[in-house]
Amino acid sequence: MLNLTKSTRAFAEAQEYTPGGVNSPVRSFRSVGGVPPFIQNGKGSKIYDIDGNEYIDYVMSYGPLLMGHVPDCVAKAIKAAVDRGTSYGAPTVAEIELAKLICKLIKSVEMVRFVNSGTEATMSALRLARAYTKRESIVKFIGCYHGHHDSLLVKAGSGATTCGVPDSPGVPRGVAMNTITVPFNDETALEAVFAEKGKEIAAVIMEPTPGNMGLVLPHDGFLDFVRKITKKHGALLICDEVMSGFRGAQGGSQSLYNIDPDITCLGKVIGGGLPVAAYGGKREIMMMVSPAGPMYQAGTLSGNPLAMNAGIAALTYMIENDVCNKLTAVTAKLTAGLEKAAAEAGVPVQVHHLGSMFTVFFSDKPITDYESATQCNPEAFKIYFHSMLEKGIYLPPSQFETNFLSLAHSPEDIEKTLQAAAYSFKQVAKHLKK
Ligand SMILES: *Cc1c(COP(=O)(O)O)cnc(C)c1O
């Protein structure tokens, strides 16, 4: 058993001051039960809690830490930036440099605007799509998560799925009414929506490779279909690559599936572990954004120099060291090992991976959308999760989250993870037999 005495005390105290004791719901471990370890520090592939336990980390701050915890390149850039000043409310050349890097990496992006969170990026992208098309309705896919603002907190995945409140109280009905939801991978449903409401639809927003209902992949031709039907009806296509940008592939998942969206949202990796997100796209559309155009959007700390310099360091290192391709290979190896361990234990799983992301679904059926994802065995996941934690492997505490690898994960880490998985799948098998 893990000793979590100090974490238990901290969690009790946290609940006095913060709802549920956390500032992001999934951190509370509510869907798997137990006490969340409170983290003291991280280095490379590992995190250490305040009780002195060490874990190999597959959360990686839910995606941002592509090179692991505190890589030298990013730490140096942040320290140097701090010494110059933390925020000015005036432009810096770092903003140009990070914008250039993003435009070079994501082919469909010609201009970007920096914000502080993925939520802000998708919220602003929707406003931009509505301003540009002069239409009000939005189409989103069930189980895709785009942040917690009102328009998109409708049939969302991630924490919203885990806590069982896909439609939150407090979201005005009038706002939610403008959000149309369809199942992912379902051309027929999307076609029907456009046939009925095509002239009202400002945009379709999608995670091209959804990661917030666990990692689900588009079937052949689906993304292409979405691109074609939006174009045909004069609606914009917004690719939310806040997670998949630089996790799916160096050019974003859009490069893997060869689609050309009008607007792209980015976040997580682009801040190198600091709060940065962005939305960008075709110049003609982006020129609508204030002060170049009439669509208002602003932010006191947007383009913050510490965050910009962290992002520049992370993306530069990523490009120079071919990080995405390296991680794709390691992830493929790890997931093949997980599949094998599950098979040997006689536990039915569906293992999905893309780039440096992966999910183990406890199901004997293919997972193609939210409906099939939610039919996975929650009890099996709980046992797997706690067995892995006991063996020093820190996974996201929900079936509906994606696991992330980093460049810091060593061959020994992978080996240790596979040994822990062999043990954990056996624990699951015992439960299934009962
Ligand atoms: C994480 C995420 C967001 C929200 O980003 P925050 O920084 O948490 O607001 C939006 N879209 C996707 C696809 C995400 O994975």
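Please refer to the structure placed before this passage.
Below or above, wherever it landed, is the structure these notes cover. (Residues numbered from 1 in each chain as written. Predicted model: local features only at pLDDT ≥ 70, side-chain atom pairs only at ≥ 80, totals over all residues. Heavy atoms only, no water.)

1. Notes on the layout of surface pockets
Operational definition: Only protein atoms enter the 1 Å grid, on which a cavity is a set of points fitting a 1.4 Å probe that cannot get out and a pocket is an open set with protein on both sides within 12 Å along at least 5 of 7 lines, lining residues being those with an atom within 4 Å of a point. Grid points are joined across faces, edges and corners, and a volume is the space filled by probe spheres set on the points. Segments assigned H or I by DSSP are reported as helices when at least four residues long, segments assigned E as strands when at least two residues long, and all are numbered from the N terminus. Three categories are distinguished: nonpolar for Ala, Val, Leu, Ile, Met, Phe, Trp, Tyr, Cys and Pro, charged for Asp, Glu, Lys and Arg, and polar for the others, with Gly belonging to the last.
Empty space within the second largest pocket amounts to approximately 650 Å³. E95, V112, R113, F114 and P291 are the residues nearest the centre of the second largest pocket, which is lined by 32 residues in total. Elements represented by at least two residues in the lining of the second largest pocket include exactly α3 (93-105), β4 (111-115) and α10 (283-286). For the lining of the second largest pocket, the per-class residue count stands at 17 nonpolar, 10 polar and five charged.

2. Let's talk about helix α7 (residues 187-197)
Let me state the cut-off plainly: The cut-offs for exposure are 20% and 50% of the maximum accessible area for each residue type, with area from a 1.4 Å probe on protein chains only; residues under the lower value are buried, those over the upper are exposed, and the others partly exposed. The directions from the helix axis to the C-beta atoms are what the arc is built from. Whether two residues touch is decided by their heavy atoms; if any such pair falls within 4.5 Å, the residues are in contact. In the analysis that follows, any N or O atom pair within 3.5 Å is treated as a polar contact, provided that within protein one partner can donate a hydrogen and the other can accept it, and provided that, for residues neighboring in sequence, both atoms belong to side chains.
Among all positions of α7, only A189, L190, V193 and F194 are buried. The arc enclosing the buried residues of α7, seen along the axis, measures out at 135°, which places them on a common side. Exposed and facing more than 90 degrees away from the buried side of α7 are T188, A195 and E196. Looking at the buried positions of α7, the neighbouring elements they touch are β5 (137-141), β6 (179-182), β7 (201-206) and α8 (222-232). Two or three places before T188, at the opening of α7, D186 has a side-chain oxygen 3.2 Å from that residue's backbone nitrogen.

3. As for the site of the ligand
Applicable threshold: Being near a molecule or strand, for a residue, means having at least one of its heavy atoms within 4 Å of it. Here the open area of atoms and residues is found with the Shrake-Rupley method and a 1.4 Å probe, where only the protein chains shown may cover a residue.
In the neighbourhood of the ligand, the contacting residues comprise S117, G118, T119, Y145, H146, G147, E207, N212, D240, V242, M243 and K268. Between Y145 and the ligand, the recorded distance is 3.3 Å, taken from a backbone N or O atom to a nitrogen atom. Here the ligand has 380 Å² of accessible area as a free molecule, and 83% of this is covered by the chains. Its residues assigned to classes, the shell around the ligand shows three nonpolar, six polar and three charged.

4. Focus: the packing of helix α2 (residues 72-84) against helix α11 (residues 305-320)
Threshold: Angles here are taken between N-to-C directions and fall from 0 to 180 degrees, while the axes themselves are lines fitted to C-alpha atoms, restricted in helices to the stretch in contact. The scheme is simple: roughly parallel for angles under 35 degrees, roughly antiparallel for over 145, roughly perpendicular for 65 to 115, oblique for anything else. By convention, the crossing between two helices is left-handed when the near helix turns anticlockwise from the far helix through less than a right angle, and right-handed when the turn is clockwise.
The N-to-C vectors of α2 and α11 enclose an angle of 155°; their axes lie 8 Å apart at closest approach. Comparing their axes, α11 and α2 come out roughly antiparallel. Like other packed secondary-structure pairs, α2 and α11 cross with a definite hand, here right-handed. For the pair α2 and α11, contact is made by C73, V74, A77, I78, A81, V82 and R84 and by P305, L306, N309, A310, A313, A314 and Y317, respectively. The residue makeup of the contact of α2 with α11, split by class, is 12 nonpolar, one polar and one charged.

5. Quick notes on the packing of aromatic side chains
So the rule is basically this: The pairing test for Phe, Tyr and Trp rings, Trp by its six-membered ring, is centres within 6.5 Å, and the orientation test on the planes gives stacked under 30 degrees, edge-to-face over 60, and tilted for anything in between. Each ring is checked for a lysine NZ or an arginine CZ that lies within 6 Å of its centre and within 35 degrees of its normal; such an atom marks a charge sitting over the ring.
Throughout the structure, instances matching the rule amount to 13 aromatic pairs. Just above the ring of Y423 sits the side chain of K391; from NZ or CZ to the centre is 4.3 Å.

6. Considerations on the sheet that holds β7
Note the threshold: Pairing between strands is defined by DSSP: at least two bridges between them are needed.
Taken in spatial order, the seven strands make up an open sheet running β4-β10-β9-β8-β7-β5-β6, and their pairing is mixed. Only two strands of the sheet have a single neighbouring strand rather than two, namely β4 and β6. Geometrically, the sheet is characterised by an average inter-axis angle of 20° between neighbouring strands, direction not taken into account. Pairing analysis gives four bridges linking strand β9 (residues 263-266) to strand β10 (residues 277-281), with the strands arranged antiparallel. Residue pairing across strands places I263 opposite G281, the latter belonging to β10. Those strands touched by α3 are β4 and β9, and its axis lies near 125° from that of β4. Where α7 meets the sheet, it contacts β5, β6 and β7, and its direction lies at approximately 150° from that of β6.

7. Focus: the environment of A202
Considering the arrangement of structural elements, one finds A202 in strand β7. You can call A202 buried: its relative accessible area is 0%. Along the chain, A202 and S137 lie 65 residues apart, while their C-alpha atoms are 5.6 Å from each other. Leaving out residues up to four positions away in the same chain, A202 has contacts with A129, R130, T133, R135, E136, S137, I138, A235 and L236.

All we've got here are geometric facts, nothing functional implied.
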